[in-house]
Each structure stands twice: as C-alpha cells, then as structure tokens.
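Below are the chains, spelled out letter by letter.
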2 protein chains.
Amino acid sequence: MAEATAIAQQFTEYYYSTFDTNRSGLQPLYRETSVLTWEGAAIQGGKAIVDKLVSLPFTSVQHRVSTQDAQPVGDMLVIAVTGQLLIDGEQNPQFFTQTFVLRRDDAGFYVQNDFFRLVYG
Amino acid sequence: MAEATAIAQQFTEYYYSTFDTNRSGLQPLYRETSVLTWEGAAIQGGKAIVDKLVSLPFTSVQHRVSTQDAQPVGDMLVIAVTGQLLIDGEQNPQFFTQTFVLRRDDAGFYVQNDFFRLVYG
C-alpha cells in the first residue's frame, strides 16, 4: 500500500501540474483504449480525451488536491482524488472528484479509466 | 456501457438502501480480500469493513446519490458516485464521493475495492 500511495502521489502531481500548464501534454498519459467519463459523458481514446480537455472553456485553471487514496487492484492502481479547482483567477473554488485506473506498459503508467465530476455544494 | 450503467444503478440502490436501513446487512457484499479506504484509513476484510461501518457514530443516515458513473474494466466494474448524506435528521447535507470496484463470483457481484471521502465545501 505504501508503494501504491507513493506512485499515486507522483502521478497526481504530474497529472495536475501538466493539466494546469499545458493540457495537450496529457496525451502521452492516455492510450487508444482509455475511457474518460467527464461529467457523465464517455469519451474514448487519448486524442479525443485530450481534445475534450483542451476545449474546456477557461484560460487558466489550478487544481488543488485535498485527498488522494490509492489501492492496487491486480496489476492496476486505482486512485480516488478529491480537490478544488480555481478557474480563471476566481477566488471561490469549485470542488471536484476524480478517479483514475492506471495500468502499466513499456512506457510506464498510463490512464486506462478516468472519471471526473464537479461536486456542487 | 449501457449494461455497466444498469448494473451500477442496481448496485448503488441496493448498497445505499441497505446501508441506511441495516448496515450489518452489507457484509455479504464484501469478501476477505476486500479493501475499504475510509477517510484515508485502509481496512481489509468484509468483517472489519462492516464492523467499521456499523460503529460509525450516528443513529440514522440517508444517502442521496447525485451522480454515478460506471465503466467496465476487464471483468470488473468501476463505479464513481457523488452524493449527499443526511445524518440523524440534520437539514444540511454533507457531500460525499465513493468509488467501488466490483468483481463477480458465484454469488454475484461483490465489492473488491471501496473508497469513501466526505467532500468539505
């Protein structure tokens, strides 16, 4: 579990810092078989997923991770994240939750499954 | 994906209605290998998990599911839930997120992995 936690922390730091500085740089983290359920809509394939993320209608975004929990599942790693989003310099954060299922191939860990939801308070 | 969504809906309805009426009735949904990460603490095994849930310090609770997203992952099913909790008749809900990894055995679907977090607004 300690290794899972360490990998999860490294992954989420990389993922959100890339998201916040260069969304198109996320494409190497997805594969053709990857699926993102984004606010209830399923999107398949790394290119389509990153096209969606790049098209989101804000200029700047900052993710602040509040909690991340990781468990190994067979040869996969499941990471459940909660956090806050600051969009275009707004002072009031939005809350989000995201779940990643990571798999590993020759290039390292990639996102096989991804679930994103805003949480409305 | 339609089948995944149908199973997920059936599962979460059963899970939360059982949680809200008879927490100890959840034990058949877990196995000895099951792991729950509850507010960051890992608990392994169906008995330990249900003991934890039964020991939570409230008399009555009502889960209201806001969103649930499901994806098949190999022979598993991952379900990401967001929702509201009403505890002991309080008017102000607390927000939560829960992720389930379901597997199937001869007895049907069971929870292999479970992640629960309150989301503080």
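If you're wondering where the values come from, they're calculated on a predicted model, not measured in any experiment.

Moving on to the pairing of strand β5 (residues 94-105) of chain B. Residues and elements named next belong to chain B. By the bridge criterion, 9 bridges tie strand β4 (residues 76-87) to β5 in an arrangement that is antiparallel. Looking at β5, one finds that Ile79 is bridged to Phe100. Between β4 and the antiparallel strand that follows it, β5, lie 6 residues; Asp88 among them carries a positive phi value of about 50°. The pairing of β5 with strand β6 (residues 108-119) spans 11 bridges and is antiparallel. Note on β6: the bridge partner recorded for Phe100 is Asp114. In sequence, β5 turns back onto β6 through a hairpin of 2 residues.

Evaluated as defined, the whole model comprises 6 salt bridges over all chains. One salt bridge in this structure joins Arg31(A) and Asp105(A), with 2.8 Å as the shortest N-O distance. Of this pair, Arg31(A) sits in strand β1 (residues 30-38) while Asp105(A) sits in strand β5 (residues 94-105), placing them 74 residues apart in sequence. For Arg117(A), the salt bridge is made with Asp69(B), and the minimal N-O distance between the two is 2.8 Å. Linking Arg117(A) in strand β6 (residues 108-119) with Asp69(B) in strand β3 (residues 61-73), this pair reaches from one chain into another.

Below, the discussion takes up the relation of the copies chain A and chain B. Overlaying chain A on chain B yields an RMSD of 0.0 Å, the required transformation being a rotation through 180° with an accompanying axial translation of 0.0 Å. Seen this way, the second copy is the image of the first under a two-fold rotation axis.

Owing to a relative accessible area of 15%, Arg117(A) belongs among the buried residues under this scheme. As for Arg117(A) and Gln44(A), which are separated by 73 residues in sequence, their C-alpha atoms are 17 Å apart. Aside from chain neighbours lying at most four places away, what touches Arg117(A) is Glu39(A), Gly40(A), Phe95(A), Phe96(A), Thr97(A), Thr67(B), Asp69(B) and Thr82(B). Polar contacts involving the side chain of Arg117(A) include one to the side chain of Asp69(B), which spans 2.8 Å.

A separate point is the UniProt feature "domain: NTF2" (unreviewed entry) in chain A. Those places that UniProt annotates as "domain: NTF2" (unreviewed entry) correspond, in this numbering, to residues 7-118 of chain A. Secondary structure across residues 7-118 of chain A divides into 22% helix and 54% strand, with the first and last C-alpha atoms of the span separated by 24 Å.

Thresholds applied
- Residues numbered from 1 in each chain as written.
- Chains lettered and ligands numbered in written order.
- Predicted model: local features only at pLDDT ≥ 70, side-chain atom pairs only at ≥ 80, totals over all residues.
- Heavy atoms only, no water.
- Pairing = 2+ DSSP bridges.
- Helix = DSSP H or I, 4+ residues; strand = E, 2+ residues; numbered from the N terminus.
- Salt bridge = Lys/Arg side-chain N within 4 Å of Asp/Glu carboxyl O.
- Least-squares fit on C-alpha atoms with pLDDT ≥ 70 in both.
- Buried < 20%, exposed > 50% of the residue type's maximum accessible area, 1.4 Å probe, protein only.
- Contact = heavy atoms within 4.5 Å.
- Polar contact = N/O pair within 3.5 Å; in protein donor to acceptor, adjacent residues only side chain to side chain.
- UniProt positions renumbered as here; feature names shortened; annotations may be inferred.

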